[in-house]
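Geometric and topological summary
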Amino acid sequence: QVQLVESGGGLVQAGGSMRLSCIASRSIFSENVRGWYRQAPGKQRELVATITSSGRTNYADSVKGRFTISRDNAKNTVYLQMNSLKPEDTAVYYCNARTSLPGGMDYWGKGTLVIVSS
C-alpha cells in the first residue's frame with residue numbers, strides 16, 4: 001500500500017514560517033490530487049490546500065496569501081510552505097493523496113503537529 005509520511009512540523013512563533021513535506025512510499029497514479037488538511041484538538045478536520053498533478057491549486061480562505069502548496073512528482077512529494085503563521089494555525093497537519101479517477105484510492109499520512117505560539 002502507499003504510505004504518506006509528513007515531516008517539518010514543530011513549534012514556531014506567530015509571524016514565523018514553516019515548511020511541511022510529505023513523501024509517498026511509492027509512486028501514485030499519475031493523475032492525482034495531493035493536499036494538506038489540518039485538525040485542531042477537539043475540532044473537525046479541514047482542508048488547507050490541494051494541488052492537482054498539473055499544478056492547479058486550491059486554498060482555504062483562511063490561508064490564502066500565506067500558504068503555498070507545491071509538488072515534485074518525480075519525488076512523489078508535496079510541500080506546504082506556511083508563512084505569517086498565526087496561533088489559529090496550530091493543528092495536526094495531514095497529508096493526503098487521491099487519484100482523480102472515479103472510485104480512485106485515497107491515502108492519508110499520520111500527521112505532523114504544528115504549534116504556533118503567540
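This report concerns the structure included in the present document. (Residues numbered from 1 in each chain as written. Predicted model: local features only at pLDDT ≥ 70, side-chain atom pairs only at ≥ 80, totals over all residues. Heavy atoms only, no water.)

If you tally the helices and strands in the chain, you get zero helices and 11 strands. When the elements of the chain are put in sequence order from the N terminus, they spell out β-β-β-β-β-β-β-β-β-β-β. Each of the 118 residues in the chain was classed as buried or not, and the buried ones make up 43%. A sequence separation of at least 24 residues applies to 53% of the contacts in the chain between residues at least 6 apart. Summing over all exposed atoms, the chain offers an accessible surface of approximately 6,400 Å²; the carbon and sulfur share of this is 49%. (Helix = DSSP H or I, 4+ residues; strand = E, 2+ residues; numbered from the N terminus. Buried < 20%, exposed > 50% of the residue type's maximum accessible area, 1.4 Å probe, protein only. Contact = heavy atoms within 4.5 Å. Areas by Shrake-Rupley, 256 points an atom, 1.4 Å probe, with all protein chains shown as cover.)

Moving on: the environment of Arg71. By secondary structure assignment, the location of Arg71 is in strand 7 (residues 67–72). Taking relative accessible area as the criterion, Arg71 reaches 18% and is therefore assigned buried. Linking Arg71 and Cys22, residues 49 residues apart in sequence, is a C-alpha distance of 9.3 Å. Residues within four places of Arg71 in sequence aside, it is in contact with Asn32, Val33, Arg34, Ile51, Thr52, Ser53, Thr77 and Val78. A distance of 3.2 Å separates a polar side-chain atom of Arg71 from the backbone oxygen of Thr52. Reaching out from Arg71, the side chain makes a polar contact with the side chain of Asn73 at a distance of 2.6 Å. (Polar contact = N/O pair within 3.5 Å; in protein donor to acceptor, adjacent residues only side chain to side chain.)

This part is about the sheet that holds strand 8 (residues 77–82). Consider a sheet: its strands pair through backbone hydrogen bonds, and that pairing is either parallel or antiparallel. Read from one edge of the open sheet, four strands run 1-3-8-7, paired in antiparallel fashion. Edge positions in the sheet fall to strand 1 (4–7) and strand 7, since each of these pairs with one other strand and no more. Pairs of neighbouring strands in the sheet enclose a mean axial angle of 15 degrees, with direction left out of account. Note: strand 3 (residues 18–24) against strand 8, six bridges, orientation antiparallel. (Pairing = 2+ DSSP bridges. Axes fitted to C-alpha atoms, helices over the stretch in contact; angles between N-to-C directions.)

A separate point is the pattern of salt bridges. Where charged atoms from two side chains of opposite charge approach closely, those side chains can pair. Taken as a whole and assessed by the stated rule, the structure comprises five salt bridges. Here Asp61 makes a salt bridge to Lys64, at a shortest N to O gap of 3.0 Å. Given the relative accessible area of 64%, Asp61 is considered exposed. The exposure class of Lys64 is partly exposed, given its relative accessible area of 48%. The closest approach of N and O atoms between Arg98 and Asp106, which form a salt bridge, is 3.4 Å. Shared partners join several salt bridges into a network, and the residues in it are Arg38, Glu46, Arg66 and Asp89. (Salt bridge = Lys/Arg side-chain N within 4 Å of Asp/Glu carboxyl O.)

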